[in-house]
Amino acid sequence: MCGIAGFWSQRTPREGRENAVQSMQTAMLHRGPDDAGMTTCGDLTMGMRRLAIFDPAHGHQPMRTDDGRYEIVFNGAIYNHELLREELRARGVVFNTHCDTEVLLQAWATWGPSVLGRLRGMFAVAVWDHTAHTLHLARDPLGIKPLYYSIRDGELLFASELNAMRASGHFDAAIDPVAVDDYLRNLGVPVPRTIYRHARSLRPAEVGVWRDGEFTIEQYWNFPTAATKSSFGDAKEFTSELRRQLDDSIAMHRLADVPVGAFLSGGLDSALVVGLMTQSSSAPLKTFSIGFEETAYSEAGAAAETARHFGTDHHPITLTGAQAADTLPAFLDALDQPTGDGLNTFVVSRAARAGGVTAALSGLGGDELFGGYGTFQQTPQIARWLPWWKAIPSPLRQAVCRQLARGSTRARRLADVLRHARDLHDVADRQRQVLSDDARAQLLVDPIALTSHPAQAGLRESMVDASPEEIVSAWELSTYMSDVLLRDSDVFSMRASLELRVPLVDRPLIEWLWRQRSELRFDQKTPKGELTRAVADILPPGLMNRRKQGFSLPFPRWMRTTLKPFIDETLSPASVSRSGLLHANNTVAYWQRFLAGSDDKDWSRVWSLAVLVAFLNRGSSA
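A brief look at the structure comes next. (Residues numbered from 1 in each chain as written. Predicted model: local features only at pLDDT ≥ 70, side-chain atom pairs only at ≥ 80, totals over all residues. Heavy atoms only, no water.)

1. Details of the overall build of the protein
This is how the line gets drawn: Labels follow the DSSP assignment, with helices taken as runs of H or I lasting at least four residues and strands as runs of E lasting at least two, numbered in each case from the N terminus. Every radius of gyration here is taken over C-alpha atoms, with the globule rule written as 2.2 Å times N^0.38, N being the number of residues. Working rule for contacts: check all heavy atoms of both residues, and any pair within 4.5 Å makes them a contact. Each accessible area is a Shrake-Rupley result for a 1.4 Å probe, and residues are judged covered by the shown protein chains and nothing else. Counted as positive: Lys and Arg. Counted as negative: Asp and Glu, with His and the chain ends omitted from the count. In plain terms, the charge of a residue is placed at NZ if it is Lys, CZ if Arg, CG if Asp and CD if Glu.
The helix and strand inventory of the protein stands at 26 helices and 17 strands. Computed over C-alpha atoms, the radius of gyration of the protein comes to 24 Å, within 12% of the 25 Å expected from 2.2 N^0.38 for 622 residues, which places it in the range of a compact globule. Considering only C-alpha atoms, the protein reaches an extent of 75 × 60 × 50 Å along its principal axes. Considering only contacts within the protein whose residues lie at least 6 apart along the sequence, 72% involve residues at least 24 apart. Counting only carbon and sulfur atoms, one obtains 50% of the accessible surface of the protein, whose full area is about 23,700 Å². Computing the positive centroid from 67 side-chain charges and the negative centroid from 72, the protein places the two 5 Å apart.

2. Things to note about the sheet that holds strand β17 (residues 499-501)
Consider a sheet: its strands pair through backbone hydrogen bonds, and that pairing is either parallel or antiparallel. Applied cut-off: The pairing criterion is simple: DSSP has to find at least two bridges between the two strands. To get an axis, fit a line to the C-alpha atoms, keeping to the stretch in contact for a helix; angles then go from 0 to 180 degrees between the N-to-C directions.
If you walk across this open sheet you meet the five strands as β15-β14-β13-β16-β17, and the pairing is parallel. In this open sheet, the two strands that pair with only one neighbour each are β15 (313-318) and β17. Averaged over all neighbouring strand pairs, the angle between strand axes comes to 25 degrees, with direction disregarded. By the bridge criterion, three bridges tie strand β13 (residues 260-263) to strand β16 (residues 359-361) in an arrangement that is parallel. Directly across from G261, in β16, lies its bridge partner A360. The strands that helix α10 (residues 343-354) touches are β13, β14 (286-291), β15 and β17; relative to β14, the one it contacts most, it runs at about 145 degrees.

3. Quick look at the side chain of E102
Rule in force here: Exposure is judged per residue with a 1.4 Å probe applied to protein chains only, and the accessible area is read against the type maximum: over 50% gives exposed, under 20% gives buried, and values in between give partly exposed. For this analysis, a salt bridge means a side-chain nitrogen from Lys or Arg found within 4 Å of a carboxyl oxygen belonging to Asp or Glu. Between N or O atoms, a polar contact is any pair within 3.5 Å; within protein, one atom must be a potential hydrogen donor and the other a potential acceptor, and residues adjacent in sequence are included only when both atoms are from side chains.
If you trace the backbone, E102 turns up in helix α3 (residues 100-111). Here E102 is buried and forms no salt bridge, its nearest opposite-charge partner R85 lying at an N-O distance of 4.7 Å. Within the structure, E102 has its side chain in polar contact with the backbone nitrogen of N96 (distance 2.8 Å). Those residues within four positions of E102 in sequence are excluded, and the remaining contacts are M63, V94, F95, N96 and T97.

4. Let's talk about the pattern of salt bridges
What the rule picks out here adds up to 42 salt bridges. Among the ionic pairs, D336 bridges to R487, the shortest N-O distance being 3.1 Å. With D336 in the loop between α9 (321-334) and α10 and R487 in helix α18 (residues 468-495), this residue pair connects regions lying 151 residues apart in the sequence. Accessibility classification places D336 together with R487 in one group, the buried group.

5. Here we look at α3
We count it as follows: How far a helix is expected to stretch is found by multiplying one less than its residue total by 1.5 Å.
With twelve residues, α3 extends 16 Å between its outermost C-alpha atoms, agreeing within 8% with the 16 Å of an ideal straight helix rising 1.5 Å per residue. Those residues of α3 lying buried are D100, T101, E102, V103, L104, L105, Q106, A107, W108 and W111. Within two residues after α3, G112 carries a phi angle of roughly 70 degrees, on the positive side.

6. Comments concerning the packing of aromatic side chains
What counts is decided by this rule: Ring geometry is summarised as follows: Phe, Tyr and Trp rings, the Trp one being its six-membered ring, pair when their centres sit within 6.5 Å, and such pairs are stacked at plane angles under 30 degrees, edge-to-face over 60 and tilted between the two.
Counted by the stated rule, this structure contains 18 aromatic pairs. Geometrically, the ring pair formed by F171 and Y196 is edge-to-face, given 5.3 Å between the ring centres and 90 degrees between the ring planes. Of this pair, F171 sits in the loop between α4 (162-167) and α5 (177-186) while Y196 sits in the loop between α5 and β10 (200-201); the two residues are 25 residues apart in sequence, bridging distant segments of the chain. Take F171: its relative accessible area is 13%, and that puts it in the buried class. Both rings, one in Y196 and one in F615, keep their centres 6.4 Å apart while their planes meet at 50 degrees; by these two values the pair is tilted. Of this pair, Y196 sits in the loop between α5 and β10 while F615 sits in helix α26 (residues 603-616), and the two are 419 residues apart along the sequence. Three or more aromatic residues joined by ring pairs make a cluster, and in this case those are F292, F555, W558, F566, W603 and W607.

7. Description of the pairing of β13
Look at any regular strand and the pattern is simple: side chains alternate between the two faces of the sheet. Heads up, the condition is: Handedness is read with the strands pointing away from the viewer; a crossover is right-handed when the path from the first strand over the helix to the second is clockwise.
Of the two faces of β13, the one carrying V260 and A262 and the one carrying G261 and F263 are both buried. Pairing of β13 with β14, which is carried by two bridges, proceeds in the parallel orientation. Across the sheet, F263 pairs through a bridge with F288, a residue of β14. Handedness of the β13-helix α7 (residues 268-279)-β14 crossover: right-handed.

8. What about the packing of helix α12 (residues 375-391) against helix α14 (residues 409-420)?
Using the following cut-off: Each angle gets one of four labels, with under 35 degrees taken as roughly parallel, over 145 as roughly antiparallel, 65 to 115 as roughly perpendicular, and the rest as oblique. Left-handed describes a crossing whose near helix is turned anticlockwise from the far helix by less than a right angle; the clockwise case is right-handed. As a working rule, the residues Ala, Val, Leu, Ile, Met, Phe, Trp, Tyr, Cys and Pro are called nonpolar, Asp, Glu, Lys and Arg charged, and the rest polar, with Gly in that last group.
The N-to-C vectors of α12 and α14 enclose an angle of 60 degrees; their axes lie 10 Å apart at closest approach. By the criterion of interaxial angle, the relationship of α12 to α14 is oblique. Between α12 and α14 lies a crossing whose hand is right-handed. Residue-level inspection shows I382, W389 and K390 of α12 in contact with α14, the latter providing L414, V417, L418 and R419. Of the residues that constitute the contact of α12 with α14, the class distribution is five nonpolar, no polar and two charged.

9. Points about the environment of D140
Following the sequence through the fold, D140 ends up in the loop between β7 (134-139) and β8 (148-152). Residue D140 is classed as buried on the basis of its relative accessible area of 0%. Sequence spacing of D140 and L119 is 21 residues, and the spatial spacing of their C-alpha atoms is 8.4 Å. Setting aside its immediate chain neighbours within four residues, D140 contacts G121, M122, F123, K145, P204, A205 and Y220. There is a polar contact of 2.9 Å between the side chain of D140 and the backbone nitrogen of K145.

10. Observations regarding unusual backbone geometry
With an omega dihedral of -5 degrees, the bond running from Q61 to P62 counts as a cis peptide bond. Summarising the element assignment, P62 is placed in the loop between β3 (44-50) and β4 (63-64). Geometrically, the link from V191 to P192 is a cis peptide bond, its omega value of 10 degrees lying close to zero. With respect to the element layout, P192 can be found in the loop between α5 and β10. For D465, which is not glycine, the phi torsion reads 75 degrees and is therefore positive. Assignment of secondary structure puts D465 in the loop between α17 (456-462) and α18.

Note that all results are geometric; they support no functional claim without further evidence.
In structure tokens, the structure reads:
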């Protein structure tokens, strides 16, 4: 796990490029406190910061092949690097280290960009070909590791963090109003857009080629199509094979030459990760959980019960509202884009690193893959009723929507879906929308009126013949998980110099699941039923009957108490006006309505606004 950066320019002299890359490296010290390196290859300078996980004593980057043709900087972890190493050795390749970076470099030299489809892991990589004078930039298939770039006036700048690009001195940090609209719509800025007008993100599974000042992008992976469905047997056989797939993924994801721990909540996903980790090793496992004084929100008791069951060395953290307020400056400073989530990951990552682990496994992905969210039931149900709804006379439909729009957060979302959705894809998109088109139009000075998530076109094309549950799963994986959960996980874990791994977001596991019949994967009666049955033999006795709570912080209460001074100041008329993009009166009124009301579910909209304004005002004087 590292931070990588680079600068290609025929206009900026070598010294200027190296100073820029050095500044980007310094800005990413937290991503790689163990080592740093830089190389200049003609018009390109590349650098990296290393958090040493495999073969800590070796593996210095940038790394070059012995013949001098290829040079690499790499951020991530390749879990099947030993298998690839043996295959390359059989071809006569000689290795000097035991780290995954050298395997990736030699694999690239042997197979070229096609190696991307053979990698199991999370990665963002830059490879320079000294012979072809070509730079390849690539991200992993599910978008676990980020890679941003900016192209202006024939110059290419890239890095693992936008804050690093800002530090380069060669970056235009103008805010993109479209991205602001996108953020308020989706809780995060969807790729390929970033919060900055002149920066883009590679999408998951994309590889970009920079040659002679031109950048072309291709996609090298997509969800398997319906044509690849297997004729797998009954549910029992499916569950048995699912368990084998999970065992394999956990075994691969815990490989490391440094201490590895795990995040543990009170739910199924982290419990199965911890359970399978303890099953495959006799070494004590450190687990970390976060709880609250507000017992209605806290899963600390359930997490402790699970930890006792598995005999882990458990480290619970109780986060109070006052501590959350004290943590805010550091949390906001870590942002390289605004997010409506992430404080929990920020806090537990710091605790895990302080607790003695360098890498940790998380249960992220279980809800998206196995139908754990309510959207898996609600979205197909609403989509089935749309034809009947559209047959109702328009005046009556409008009257119903107006009535719903005056109701709770949930009713307002339904009104938005009924007004705009044409089919299942539209419903899935609108179900994850945070602020409606009308709400954003009232808040933004120059509303863009974005009507769909940028992933919609690709999902429509790739999900032909997929079941409704598979379509919802693809939407959850490609939008909320990718735009918010995975991005936040990278930013906030790396801020603590912690490598966070997600064994359920594993390409081989997902490809296998996508080849199975939908009715085997999704239990129509019990969310994540098949996943639960696959690991039932190791789970704590009470966990399978525990009601799904969902992991959320007590924001509705904190925002009315300990966090209120921050929001009062941030969403004051002067502060909102200084941001330049929001109507002060309407934004302040939104905050005041939350304070005066009783709909706690509206907290995320107000919080997203506060984080946005705080982000936009960073560095500006009051």
